[in-house]
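Listed below, chain by chain, are the residues.
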Amino acid sequence: MNESELIEEFNRELDSVLQGGPAAPFSPDPGAMELASCIARADFSEESLIKESLRDRLAAEPAGFLVSLRSLFANNSVRAAMAAAVLVITLLPLARRHTGCVPETQAPVMAALPQVPSPLLPVRARVSRLPAALAASGAAGEELFAAVPMGRLETEPIKAFPIASAGSGSPIVLAAGREVKLENGSGIVLETEGAVFTLERRVIAPEDIFERRVI
Amino acid sequence: MTFNEMYDRYFNKVYNYVRYHVGLPAEADDVTGRIFEAALRNFGTYDAGRGPVQGWLFGIARNAVIDWARARNHRGEVSLEDAGEQAGTEPRMEAILERKEEAGLILEAVAGLDERSRDIIALKFSSGMTNREIALMTGIGESNVSILVYRAVKKMQTFLADKRKL
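Keep in mind that what you see is a predicted model, and the values were worked out from it rather than measured.

**So, the overall build of chain B**
(1) Moving on: Of regular secondary structure, chain B possesses nine helices and zero strands.
(2) Moving on: Of the regular secondary structure in chain B, the N- to C-terminal order runs α-α-α-α-α-α-α-α-α.
(3) Moving on: Buried positions account for 48% of the 166 residues belonging to chain B.
(4) Moving on: Nonlocal contacts in chain B, meaning residues at least 24 apart in sequence, comprise 64% of its contacts between residues at least 6 apart.
(5) Moving on: Carbon and sulfur atoms make up 49% of the accessible area of chain B, which amounts to about 8,100 Å² in all.

This is the structure we're talking about:
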């Protein structure tokens, strides 16, 4: 084996040792390979007195913060998560506005029948409970809740009203209004930027809403 | 990879590389600190597509060691070999050598090499880079790196054999 082959073989075995493998027993120069293994094992880093303090110092530097931020954004999954979060934050107000657009004919009926488990019932079943005259006229909600200008209110921008607790964990919206006396009872006048309307408070009979049937 | 991950993964390797060149542990700490400060400043310029991070980091380390050697020569300070001898007189170093006589002998043997062989040995055994990567970094041919590694190890072997005879 000439020197060139010896050197090639030595370096091949050395690479194996440096990658954590054992030194091959057939090494053409066992003494040199033994020394190379010793050098590969040697670690002087225990002498260092700055390993921890240097890390802390570098992390505290402004450049360290910027580098951490930059390397964080270099990660593709973090970038995708941030993009998704920004998208959600951007679209959230739109989504909230959309859910606020309740169909005009449903909202008054739901408000007037709080004890009826109506959400699971089809719309036709709820309408059929109205007096026959009202149902036939096709103006089911309009006559009962004529004071609430739903059409105009829906065109108004959604506002953030303060939310309070109505007890037992139920949230209610607080809105300022002016109480007035009406012919058949009382009412509260609410003013918005686009409309002024009165919520009437009066006694109604079940027949005003329900059709009574005798079985 | 974040800077902190790189720091934790490569601090010991960089320190060992520096230690092969710099005689005193305190000075090795100083040079290692400068290396990681420079790495932090330039971490944004590292491009993973251009090569593994250890090549980039050890490029910085190599420049820092060269700067340190130039400054030392300019100040007319002791040579590496002499510094190696002096290191043994430092109380802390003595304690380490008692526990790690082998490591101390290795440092002595490395200090006895010429500057280029010492650099190749330090890179080969500290950085985890291949002969090809070392060749690219140092500008020496790959086969010459292999020859330098083998001959340096043989020279150290002879040095240590002579030391044992004494």
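Past the structure itself, the notes keep going.
**Some points on the confidence of the model for chain A**
Residues and elements named next belong to chain A.
(1) Moving on: Looking at chain A, pLDDT values average 70 and 55% of them are 70 or higher.
(2) Moving on: Considering each helix and strand of chain A separately, the mean pLDDT is smallest for helix α7 (residues 123–127), with a value of 41, and largest for helix α1 (residues 3–18), with 89.
(3) Moving on: In the predicted structure, residues 101–129 sits below a pLDDT of 50 and forms 25 contacts with residues beyond four places in sequence or in another chain.

**A word on the pairing of strand β4 (residues 185–191) of chain A**
Residue and element names in this part refer to chain A.
(1) Moving on: With five bridges connecting them, strand β3 (residues 178–182) and β4 associate as antiparallel partners. Along β4, the bridge assignment pairs K181 with S186.
(2) Moving on: Counted along the chain from β3 to the antiparallel partner β4, the turn is two residues long.
(3) Moving on: Taken together, the six bridges between β4 and strand β5 (residues 196–201) define a ladder with antiparallel strand orientation.

What counts, and where the lines are drawn
- Residues numbered from 1 in each chain as written.
- Chains lettered and ligands numbered in written order.
- Predicted model: local features only at pLDDT ≥ 70, side-chain atom pairs only at ≥ 80, totals over all residues.
- Heavy atoms only, no water.
- Helix = DSSP H or I, 4+ residues; strand = E, 2+ residues; numbered from the N terminus.
- Buried < 20%, exposed > 50% of the residue type's maximum accessible area, 1.4 Å probe, protein only.
- Contact = heavy atoms within 4.5 Å.
- Areas by Shrake-Rupley, 256 points an atom, 1.4 Å probe, with all protein chains shown as cover.
- pLDDT = per-residue confidence, 0-100.
- Pairing = 2+ DSSP bridges.

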